[in-house]
Amino acid sequence: MRPKVSAPTDGQRSSRPGFANVTRSPLAPSRIAILGAGGFIGSHLVPALALRPGARIVAIDVAFDKLPFGLPGVERVQASIKDRGVLDAITARADIVISLTAMCNPALYNTRPLEVIDASYTDLVPLVKLCAERKRRLIHLSTCEVYGRRALRADGRPSRRMDEDRTALCLGPIHRERWTYAAAKQLLERVIWAYGRHRGLEFTVVRPFNVIGPRMDFIPGVDGQGIPRVLAAFMHALLTGEDLVLVDGGRQRRSFLYVDEFVNALLHIIDRPEPCRGQIINLGNDKNDVSIRTLARSLVCAFLAQRPNARVPRLRTLTAAAFYGEGYDDSIVRIPSMAKAVRLLGWRPHMPLTQMLPPIVADYLARYESRVARHTRARVLAPGLP
Ligand code: UGA
């Protein structure tokens, strides 16, 4: 497939569509390629990088609905990383490659496992090889899912925090397809590690812990179908007046990190190649460890503060099998060790959950409220609609 390329906004024109040979001066800022730039994280990272003087960013994705137009120094390449030619061209001209592409949604792990494995592993192995061969720096976004159900020490005994270099990785049995994503992501981490250790690849692997913020996932029926991750699923319920569903009662816990703070940590990683070289780094906020039930209640409060006349939303419990289907499994508790991020990056997040929810709710209301109302009206008139 031939990639579609938008005009570079930094004034440079490509001699070959989308993939100019760039002569790099030693003083020029690095050219950064971002794979999956049009997704949730990319839509925050790319504008943050574009604010930097002399930014030279190649943003690659199959769609750019979430990314604003006209960012200085940002060139868009509409293409799939499944296309080997795309990876070849991108690694030919970028100094740093940041890989964000994923099917990061637990509703897909047990329903579309083969696609999840390809997106998390098969499609990315060629990228790792190319980065190693061409001496490109790779910053790869993995996942806290690799830790699995809960934190275990190497001897199998439980521990409180998930530590990059000490915690064992505790995935469930194979018929629990929930762990396809985690297993594929873990194997790619091992491939990256081996290329680093044996073939000189300069890499940093990031394990994000439940990053939330505006533009996360989709609202079912409006700009996507199926079940999004929990924040968007709860916002969908609030916008439509449906019940918020607590899977298995919502006792499972997550540590939430605000997306702006996460992006700030990524900028620190970009700026500190030497200390981050060959490292796996958790990025999360251990202070925001709450149950999903607490998240639901906090979100309801934030919503009612902005829509005081709305019907008071209800919480309803459903079994995981009824909600996600057979093969689902869950992380019971997921708290990052922050020690390495603090040590290597001098970074520590500060935003409590109660502070991050109001701007998130405001953003969802601004972007979706009228669209959800239109969709609801259309469903009343044509009940067959999804
Ligand atoms: C997902 C991904 O699999 C991880 O790779 C990723 O790192 C993580 O999100 C993230 O956002 O960083 P998970 O936290 O399990 O993992 O995904 P969510 O869909 O956000 O679910 C969180 C919890 O809420 C789960 O226990 C789920 O069962 C529950 N949930 C979800 C509900 O109770 N109700 C819902 O409507 C949706």
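Attention here is on the structure that accompanies the text. (Residues numbered from 1 in each chain as written. Predicted model: local features only at pLDDT ≥ 70, side-chain atom pairs only at ≥ 80, totals over all residues. Heavy atoms only, no water.)

**A short note on the side chain of E202**
Looking at the secondary structure, you find E202 in the loop between α6 (180–199) and β7 (203–208). Once residues within four sequence positions are removed from consideration, E202 is found in contact with R136, R137, L138, P273 and R277. (Helix = DSSP H or I, 4+ residues; strand = E, 2+ residues; numbered from the N terminus. Contact = heavy atoms within 4.5 Å.)

**Some words on the pairing of strand β9 (residues 244–247)**
Here β9 shows a buried face lined by L244 and L246 and a second buried face lined by V245 and V247. Sheet analysis places β9 next to strand β14 (residues 315–318), joined by four bridges and oriented parallel. Bridge pairing in β14 links V245 to R316. (Buried < 20%, exposed > 50% of the residue type's maximum accessible area, 1.4 Å probe, protein only. Pairing = 2+ DSSP bridges.)

**Topic: the packing of helix α4 (residues 113–122) against α6**
Running from N to C, α4 and α6 cross one another at 20°; their axes reach a closest spacing of 8 Å. The orientation of α4 relative to α6 falls into the category roughly parallel. Crossing geometry of α4 relative to α6 is assigned as right-handed. The segment α4 lies against α6, with P113, V116, I117, S120 and Y121 engaging T180, Y181, A184, K185, L187, L188 and V191. (Axes fitted to C-alpha atoms, helices over the stretch in contact; angles between N-to-C directions. Parallel < 35°, antiparallel > 145°, perpendicular 65-115°, else oblique. Left-handed = near helix turned anticlockwise from the far one by under 90°.)

**Quick notes on the packing of aromatic side chains**
The description of an aromatic ring pair uses the distance of the two centres, along with the angle that the planes make with each other. Counted according to the given criterion, the structure contains six aromatic pairs. Judged by centre distance (6.0 Å) and plane angle (65°), the rings of W193 and F203 are edge-to-face. With a gap of 10 residues between them, W193 in helix α6 and F203 in strand β7 connect regions that are remote in the sequence. The exposure class of W193 is partly exposed, given its relative accessible area of 41%. For F203, a relative accessible area of 3% corresponds to the buried category. With 5.7 Å between their ring centres and 20° between their planes, Y364 and Y368 make a pair best called stacked. In this pair, Y364 and Y368 are both assigned in helix α13 (residues 353–381), four residues apart and thus about one turn of the helix distant. For Y368, a relative accessible area of 1% gives the class buried. Through a chain of ring-to-ring contacts, three or more aromatic side chains come together here, namely F323, Y324 and Y328. The ring of F69 has R76 lying over it, and the distance from NZ or CZ to the ring centre is 3.8 Å. A cation sits over an aromatic face here: R207 above Y147, 4.8 Å from the ring centre. (Phe/Tyr/Trp six-rings, centres within 6.5 Å; stacked < 30°, edge-to-face > 60°. Lys NZ or Arg CZ within 6 Å of the ring centre and 35° of its normal.)

**A look at the pattern of salt bridges**
Throughout the structure, instances matching the rule amount to 25 salt bridges. Put simply, E202 and R277 hold a salt bridge, and the shortest N to O gap is 3.7 Å. Taken together, the residues E202 in the loop between α6 and β7 and R277 in the loop between α9 (273–276) and β12 (279–283) connect sequence positions 75 residues apart. Assessed through its relative accessible area of 38%, R277 is described here as partly exposed. For R277, the salt bridge identified is with E274, shortest N-O distance 3.6 Å. For E274, a relative accessible area of 54% gives the class exposed. Residues joined in a network through salt bridges with shared partners are E145, R178, R254, D330 and R334. (Salt bridge = Lys/Arg side-chain N within 4 Å of Asp/Glu carboxyl O.)

**Quick word on the site of the ligand**
In the vicinity of the ligand lie 27 residues, with Y109, T143, V245, R254 and D330 positioned nearest. Within the side chain of E145, a nitrogen or oxygen atom sits 2.7 Å from an oxygen atom of the ligand. Here an oxygen atom of the ligand and a side-chain polar atom of R229 are 3.0 Å apart. In isolation the ligand has 700 Å² of accessible area, and contact with the protein removes 97% of it. Looking at the shell around the ligand, the elements that each hand over two or more residues are α3 (106–109), α7 (230–240), β9 and α11 (320–324). The residue makeup of the shell around the ligand, split by class, is 18 nonpolar, three polar and six charged. (Near = heavy atom within 4 Å. Polar contact = N/O pair within 3.5 Å; in protein donor to acceptor, adjacent residues only side chain to side chain. Areas by Shrake-Rupley, 256 points an atom, 1.4 Å probe, with all protein chains shown as cover. Nonpolar A, V, L, I, M, F, W, Y, C, P; charged D, E, K, R; others polar.)

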